[in-house]
Amino acid sequence: IFDAIDSRRPELIAVGPGIGKSSLLSHIVPSAAIHLEQPALAAFYLPLRADATPELVYQTVLQALGEPGATATALDVALLARDTPALLCLDDAHLAIQAGWGGALLETLARIARGRRLLLVVAVAGEAPALGERFAVIRLGGFARAEIRLFAESCLEGAGISFSANEVRALAHLSAGHPAYLQRAAYHLFDSRQHGGDWRARFLAEVRERPIPG
């Protein structure tokens, strides 16, 4: 993702429900300046709502930049006047697209991004929409087995506990690599090490009681 940002390509991240797009964008915004080695980078996270409008989006971004206006032209002018680019991460863009105004907004922002003053990352739930402007499309799904091992090691660091290869395989199987389910399964496995009990049964009971929508 940061490679695409660094090459100034607008990005479209398409994910399944509960995969963690909002958490991902919330991580990108505060860490972008370090990854891109641009300490003065202005970075913003903005979730879109179906009842919003393109003008409200432009106005919100311009206010964050300390500039007046509520149009694409005003945003373009404000960005051209800056010494450094701005990163805009738009979440839940599928809601705006379904409402009928999101596609035009994304295409306009992508055209502004051609001037290399706007770095654009857009996240949608479901399939990537067909747009008139070119985006670098990244599709995120479940974790691979190696990523699950790294996830477990990261979570367990300093805890004095490790998961065996068989346990990692069980986590992968029960969660299907889905990040949110993986977190739940890993928690129950960790808890069983301290308090005993059948962690698989507890995890599956929680999944039935609180499934992820979609």
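Residues numbered from 1 in each chain as written. Predicted model: local features only at pLDDT ≥ 70, side-chain atom pairs only at ≥ 80, totals over all residues. Heavy atoms only, no water.

1. With respect to the pattern of salt bridges
Counted only if it meets this: Salt-bridge detection follows one rule: a side-chain nitrogen of Lys or Arg within 4 Å of a carboxyl oxygen of Asp or Glu. Helix numbers and strand numbers start at the N terminus; a helix is a DSSP run of H or I with at least 4 residues, a strand a run of E with at least 2. Burial status follows relative accessibility: with a 1.4 Å probe on protein chains alone, a residue under 20% of its type maximum counts as buried, one over 50% as exposed, and anything between as partly exposed.
Enumeration over the complete set of coordinates arrives at eight salt bridges. Across the pair Arg-193 and Glu-167 runs a salt bridge, and its minimum N-O distance is 2.6 Å. Of this pair, Arg-193 sits in helix H9 (residues 179-195) while Glu-167 sits in helix H8 (residues 165-175); the two residues are 26 residues apart in sequence, bridging distant segments of the chain. Given a relative accessible area of 37%, Arg-193 falls into the partly exposed group. Here the residues in one salt-bridge network are Lys-21, Asp-91 and Asp-92, joined through shared partners.

2. A short note on the sheet that holds strand E1 (residues 11-15)
To keep things clear, this is the line we draw: Paired strands, in this sense, are two strands between which DSSP finds at least two bridges. For helices, the fitted line uses only the C-alpha atoms of the stretch in contact; every axis is such a line through C-alpha atoms, and the angle between N-to-C directions lies from 0 to 180 degrees. Any two residues having at least one pair of non-hydrogen atoms within 4.5 Å are treated as being in contact.
What the five strands build is an open sheet, ordered E2-E3-E4-E1-E5; its pairing is parallel. Both edges of this open sheet fall to strand E2 (42-47) and strand E5 (136-140), since each of them pairs with a single strand only. Across the sheet, the mean angle from the axis of one strand to that of its neighbour is 15°, orientation sign disregarded. Direction of pairing for E1 relative to E5: parallel, over a ladder of five bridges. What sits directly across from Ile-13, in E5, is Ile-138. This element, helix H2 (residues 21-35), spans E1, E2, strand E3 (86-91), strand E4 (118-125) and E5 of the sheet and lies at about 170° to E3.

3. Details of the side chain of Lys-21
As a reminder of what qualifies: Nitrogen and oxygen atoms within 3.5 Å of one another constitute a polar contact, given that in protein one can donate a hydrogen and the other can accept it, and given that sequence-neighbouring residues count only through two side-chain atoms.
Tracing the chain through its elements places Lys-21 in helix H2. Judged by its relative accessible area of 11%, Lys-21 falls in the buried class. Side-chain polar atoms of Lys-21 contact the side chain of Asp-92, separated by 2.3 Å. Excluding anything up to four places from it in sequence, Lys-21 contacts Val-15, Asp-91, Asp-92, His-94, Ala-123, Val-124 and Ala-125.

4. Side note on the packing of aromatic side chains
Note the following rule: Pairing of aromatic rings covers Phe, Tyr and Trp, the last through its six-membered ring, and needs centres within 6.5 Å; plane angles under 30 degrees mean stacked, over 60 mean edge-to-face, and all others mean tilted.
Considering all chains together, one arrives at two aromatic pairs under this definition. A centroid spacing of 6.4 Å and a plane angle of 70° characterise the contact between Phe-143 and Phe-151, whose relative ring orientation is edge-to-face. Residue Phe-143 is classed as partly exposed on the basis of its relative accessible area of 32%. Residue Phe-151 is classed as buried on the basis of its relative accessible area, which comes to 18%.

5. Concerning unusual backbone geometry
The backbone of Arg-8 sits at a positive phi, close to 65°, despite the residue not being glycine. Relative to the assigned elements, Arg-8 resides in the loop between helix H1 (2-6) and E1. Although it is not a glycine, Arg-116 adopts a positive phi angle of roughly 70°. The exposure class of Arg-116 is partly exposed, given its relative accessible area of 48%.

6. Quick notes on helix H4 (residues 72-80)
Keep this limit in mind: Relevant arc is that of directions from the helix axis to the C-beta atoms, nothing else.
Here H4 has its buried residues at Ala-72, Leu-75, Ala-78 and Leu-79. Buried positions in H4, seen along its axis, are confined to an arc of 125° and lie on one side of it. Exposed residues pointing more than 90 degrees away from the buried face of H4 are listed as Thr-73, Val-77 and Leu-80. The elements touched by buried residues of H4 are helix H3 (54-64), E3, helix H6 (102-113) and E4.

7. Quick look at the side chain of His-188
As for its placement among the helices and strands, His-188 is situated in helix H9. Given the relative accessible area of 9%, His-188 is considered buried.

8. Some remarks on the pairing of E4
Among the eight residues that make up E4, seven are buried, leaving the element largely enclosed by the rest of the structure. Inspection of the sheet shows E1 paired to E4 by five bridges, in the parallel sense. For Glu-11, the partnering residue across the bridge sits in E4 and is Val-121.

9. Points about the nonpolar core
Defined as follows: Nonpolar core, defined: a set of buried Ala, Val, Leu, Ile, Met, Phe, Trp, Tyr and Cys residues in which side-chain atoms within 4.5 Å join the residues together.
In this structure, Leu-48, Leu-65, Leu-75, Leu-88, Leu-90, Leu-109 and Val-122 are the most contacted members of the largest nonpolar core, which totals 33 residues. When contributions to this core are tallied by element, the ones reaching two or more residues are E1, E2, H3, H4, E3, helix H5 (93-98), H6 and E4. What Leu-75 contacts, discounting residues up to four positions off in sequence, is Tyr-58, Val-61, Leu-62, Leu-65, Leu-109 and Ile-112. Grouped together as the second largest cluster of nonpolar side chains are 18 residues, Phe-151, Ala-152, Leu-156 and Ile-212 included.

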